[in-house]
Amino acid sequence: VLVSRAMGKLQSKISFHSSKYRADGSVGETGTVRAAPRHGPAHTDTVTSVAALQPDLCVSGGDDKSVAVCSWRSGAALRRFLGHEREVTKVTSALDSTRVFSASRDKTVMMWELHGTGEPSQRFPGHDLVVTGLAVSPDASQLCTGSRDNSVCKWDTETGECLGRATISRNLVTHLCWVPGEPYIIQTSEDKTIRVWDSRELRVAHTFPAKRHIQTCCDVSQDGRLCLSSSSGSAGEGAEATLWDLRQTRSQVCEYKGHFQTTTSCVFLPWGPALAPSIATASCDSTVKVWDQDTAGRR
C-alpha cells in the first residue's frame, strides 16, 4: 500500500511537470515563452564530430559524408560542404578562422573556405586507413593528422605538402589537439597512452604513464598548462577522465570517476572571475557530467 501511494505521488509530480513544459518550447498555463525557431537538421545521418569555428558559428561532420557550418544562435545551417567519399570522422578549425578541416574514412583530409566556392581548397591524402585525429595550429598554417594506420602526419595548409610522417607500432590514433601558443600536440591512442608530440621535428617529447583502458579523446586547457584524456570502460570499470600537468612535472593530477560506460569525450569549460574551473565529460551511458576541475566533485 505504501509503495502504491508513493508511486501515485510520483506519477502526480511527473504529470504536473509534463503538462507544464512542452517539447515545442512553450510553457503551460503558468506563463508563455516565445517558441524557438525550427530548422531542418544539419545532417541526414549520425553526427560524428562538432567544433567551434567562430563565436557564433560551429562546424560539424557526419556519416552522411558532409560538413556543415551552423549558427549557434539561430540553429540554421549556413554552409554545407560535400566532397568526401565516405563518412566524416573529425572536424576542426583554428578559432576565429574561416578555414574548416575535415577527416574521413576515405583516408583523406580536406580544407574548406567558409566564404569559398564550396569545393575543397586543399586536399591532404597520404594515410593508409581511416583518419581519426585532426588538429590545426593556432595560426592555421599547419595541420596534424593521425590515423588507425599507426601514423601521425604534419602538413602545410597552404601548399598541401606533407612536412613529416612518424609511425609508432600499435599507435592507433583516437584524437589530437594542439596546445595553445605552443608547438606541442596531444595525442590519445588505442594503446592506452597519451603522447605529447613536438610538431617542429614531429617526434614524441613525452609519454604519460599508460592507463588501463583505451584513451578515446583529449583536450587542452586555455592556458596550455593542463590536458584531459578520457577512457573506455564498461559496467563501471574504467570510463574515467584524467587530468594531466603539461608543465615540468608532467604528472597525473586527478581522475574524474562516475560514468558506467566508455567516456567518449572530455572538454575544459570556459571560465573566468565568476566561474570556477570546470570540465565536462560525455559517455555511452547516456549522460553528460560537469566536474569541478580542482576537486573532481560533480557540479
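Predicted, not measured: the structure shown is a model, and the values here were computed from it.

### Considering the overall build of the chain
(1) Moving on: A tally of helices and strands in the chain yields 1 helix and 25 strands.
(2) Moving on: Across the 299 residues that make up the chain, the buried fraction comes to 49%.
(3) Moving on: Of the contacts made within the chain by residues no fewer than 6 positions apart, 38% connect residues no fewer than 24 positions apart.
(4) Moving on: Roughly 15500 Å² of accessible area belongs to the chain as shown, and the carbon and sulfur atoms make up 52% of that amount.

### So, the UniProt feature "repeat: WD" (unreviewed entry) in the chain
(1) Moving on: Within this numbering scheme, the UniProt entry marks residues 81-114, 124-165, 173-207 and 279-299 as carrying the feature "repeat: WD" (unreviewed entry).
(2) Moving on: Spanning residues 81-114, this segment combines 0% helix with 53% strand, and its end C-alpha atoms are found 9 Å apart.
(3) Moving on: Its end C-alpha atoms 10 Å apart, residues 279-299 is made of 0% helix and 48% strand.

### Describing the packing of aromatic side chains
For any pair of aromatic rings, the description rests on two quantities: the centre-to-centre distance and the angle between the ring planes.
(1) Moving on: On inspection of all chains with the given rule, the structure shows 4 aromatic pairs.
(2) Moving on: Look at Phe124 and Trp155: their rings are 5.6 Å apart centre to centre, the planes differ by 65 degrees, and that puts the pair in the edge-to-face class. Linking Phe124 in strand β8 (residues 122-124) with Trp155 in strand β11 (residues 151-156), this pair joins segments that are 31 residues apart in sequence.
(3) Moving on: The exposure class assigned to Phe124 is buried, which follows from its relative accessible area of 1%.

### A closer look at the environment of Ser278
(1) Moving on: Relative to the helices and strands, Ser278 resides in strand β24 (residues 278-283).
(2) Moving on: Looking at Ser278, the relative accessible area reads 8%, which means it is buried.
(3) Moving on: For the pair Ser278 and Asp294, spaced 16 residues apart in sequence, the C-alpha to C-alpha distance is 7.9 Å.

### Quick word on the confidence of the model for the chain
(1) Moving on: Here the chain averages 88 in pLDDT, and 87% of its residues register 70 or above.
(2) Moving on: This stretch, residues 1-31, has a pLDDT under 50; its non-local contacts, to residues over four places away or in other chains, come to 15 contacts.

### Examining the pattern of salt bridges
(1) Moving on: Under the definition given, this model contains 14 salt bridges.
(2) Moving on: In this structure, Glu113 and Arg99 form a salt bridge, with 3.1 Å as the shortest nitrogen-oxygen distance. Of this pair, Glu113 sits in strand β7 (residues 109-113) while Arg99 sits in strand β6 (residues 99-104); the two residues are 14 residues apart in sequence, bridging distant segments of the chain.
(3) Moving on: Residue class for Glu113 comes out partly exposed when judged on its relative accessible area of 23%.
(4) Moving on: For Arg99, a relative accessible area of 17% corresponds to the buried category.
(5) Moving on: The closest approach of N and O atoms between Asp128 and Arg165, which form a salt bridge, is 3.5 Å. You can see Asp128 sitting in the loop between β8 and β9 (131-136) and its partner Arg165 sitting in strand β12 (residues 162-167), a full 37 residues away along the chain.
(6) Moving on: Beyond isolated ion pairs, a larger network of salt bridges with shared partners links Lys211, Glu240, Glu255 and Lys257.

### Some points on the sheet that holds β9
(1) Moving on: Here 4 strands make up an open sheet; going across it, the order is β9-β10-β11-β12 and the pairing antiparallel. Each end of this open sheet is capped by a strand with a single partner; those strands are β9 and β12. Strand-to-strand twist in this sheet, taken as the mean axis angle between neighbours without regard to direction, amounts to 15 degrees.
(2) Moving on: The pairing of β11 with β12 spans 5 bridges and is classified as antiparallel. Each residue of the ladder has a partner; that of Val152, found in β12, is Ala166.

### What about the pairing of strand β21 (residues 241-245)?
Both faces of the sheet carry side chains from a regular strand, because those side chains alternate between them.
(1) Moving on: Burial analysis of β21 places 5 of its 5 residues in the buried class, the great majority of the element.
(2) Moving on: Residue alternation in β21 divides its side chains into two sets, Ala241, Leu243 and Asp245 and Thr242 and Trp244, and both sets are buried.
(3) Moving on: One ladder, built from 5 bridges, connects strand β18 (residues 226-231) with β21; its direction is antiparallel. Bridge pairing in β21 links Cys227 to Trp244.
(4) Moving on: Two elements, β21 and strand β22 (residues 252-256), share 4 bridges in a ladder whose sense is antiparallel. Bridge pairing in β22 links Trp244 to Gln252.
(5) Moving on: Where β21 folds back onto β22 in an antiparallel hairpin, the turn is made up of 6 residues, including Arg250, whose phi is positive at roughly 45 degrees.

Rules of the game
- Residues numbered from 1 in each chain as written.
- Predicted model: local features only at pLDDT ≥ 70, side-chain atom pairs only at ≥ 80, totals over all residues.
- Heavy atoms only, no water.
- Helix = DSSP H or I, 4+ residues; strand = E, 2+ residues; numbered from the N terminus.
- Buried < 20%, exposed > 50% of the residue type's maximum accessible area, 1.4 Å probe, protein only.
- Contact = heavy atoms within 4.5 Å.
- Areas by Shrake-Rupley, 256 points an atom, 1.4 Å probe, with all protein chains shown as cover.
- UniProt positions renumbered as here; feature names shortened; annotations may be inferred.
- Phe/Tyr/Trp six-rings, centres within 6.5 Å; stacked < 30°, edge-to-face > 60°.
- pLDDT = per-residue confidence, 0-100.
- Salt bridge = Lys/Arg side-chain N within 4 Å of Asp/Glu carboxyl O.
- Pairing = 2+ DSSP bridges.
- Axes fitted to C-alpha atoms, helices over the stretch in contact; angles between N-to-C directions.

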